[in-house]
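Read off the chains here:
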Amino acid sequence: VREAFLADTLGAIAFLQPKQYVADGMADLKAFGLEKPSWKIEVKAGKEKRELWLGALEPGSKLFYATVPGSGVVFTVDALDSVVLARPLVELLVEEKKK
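The structure displayed is predicted, hence computed values, not measured ones.

Colleague: Is there a simple way to think about the overall build of the protein in this case?
Modeller: What the protein contains, in helices and strands, is 3 helices and 5 strands. Counting from the amino terminus, the protein carries its helices and strands in the arrangement α-β-β-β-β-β-α-α. On the principal axes, the C-alpha backbone points of the protein span a range of 55 × 35 × 25 Å. Counting over 99 residues, the protein shows a buried share of 32%. Once local pairs closer than 6 in sequence are excluded, the contacts in the protein between residues at least 24 apart make up 48%. For the protein, the accessible surface area stands at approximately 7200 Å², while carbon and sulfur atoms represent 57% of it. Placing the 14 positive and 14 negative side-chain charges of the protein at their respective mean positions leaves the two points 6 Å apart.

Colleague: Looking at this model, I keep getting lost on the pattern of salt bridges. Mind explaining?
Modeller: Any two side chains of opposite charge can pair if their charged atoms end up close together. For the coordinates displayed, the defined rule picks out 5 salt bridges. Between Arg 87 and Asp 8 there is a salt bridge whose closest N-O contact spans 4.0 Å. With Arg 87 in the loop between helix H2 (79–85) and helix H3 (89–92) and Asp 8 in helix H1 (residues 3–14), the pair connects residues that are 79 residues apart, well separated along the chain. On the accessibility criterion, Arg 87 (13% relative accessible area) is buried.

Colleague: When you look at the sheet that holds strand S2 (residues 39–45) in this model, what are you seeing that I'm missing?
Modeller: What links the strands of a sheet is backbone hydrogen bonding, and the strands pair in either a parallel or an antiparallel sense. Here 5 strands make up an open sheet; going across it, the order is S1-S5-S4-S3-S2 and the pairing antiparallel. Unpaired on one side and paired on the other, strand S1 (18–23) and S2 mark the two borders of the sheet. Strand-to-strand, the axes of this sheet are offset by a mean angle of 30°, without reference to chain direction. Where strand S3 (residues 48–57) meets strand S4 (residues 64–67), 3 bridges bridge the pair, whose relative direction is antiparallel. From the neighbouring strand, Leu 54 faces S4, where its bridge partner is Ala 66.

Parameters at a glance
- Residues numbered from 1 in each chain as written.
- Predicted model: local features only at pLDDT ≥ 70, side-chain atom pairs only at ≥ 80, totals over all residues.
- Heavy atoms only, no water.
- Helix = DSSP H or I, 4+ residues; strand = E, 2+ residues; numbered from the N terminus.
- Buried < 20%, exposed > 50% of the residue type's maximum accessible area, 1.4 Å probe, protein only.
- Contact = heavy atoms within 4.5 Å.
- Areas by Shrake-Rupley, 256 points an atom, 1.4 Å probe, with all protein chains shown as cover.
- Lys, Arg positive; Asp, Glu negative; His and termini not counted.
- Charge placed at Lys NZ, Arg CZ, Asp CG, Glu CD.
- Salt bridge = Lys/Arg side-chain N within 4 Å of Asp/Glu carboxyl O.
- Pairing = 2+ DSSP bridges.
- Axes fitted to C-alpha atoms, helices over the stretch in contact; angles between N-to-C directions.

Now the structure itself:
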C-alpha cells in the first residue's frame, strides 16, 4: 500500500465535512446515484465500522453526492475530498518487484 495515498484517504475520511446538504430525511438515493453507489468506503476501527457511499457527480460540477448508509441524508463532498476518496484502488497499491 502506498502509505502517503492511504494517509490522504484516511485524513479525508477523518475530517470530512459536507460541502452542502442536498436532502434530509429519507432521500431518494437512486436520484443521486446512491442506490448502487460508485464507491463504498468502509473503515473499521476496533469494533466500530464506518461507511461512506459516493454516488453520481452533481450536474455541472466535480462534487460527488454522498451518504452515510441508513441516514437518509444526501450531501455533496468537497472537490478535493472527491478526488482523494474516488481514487481508483490501483493507485493505492504498490506494484511488487519481481525477484
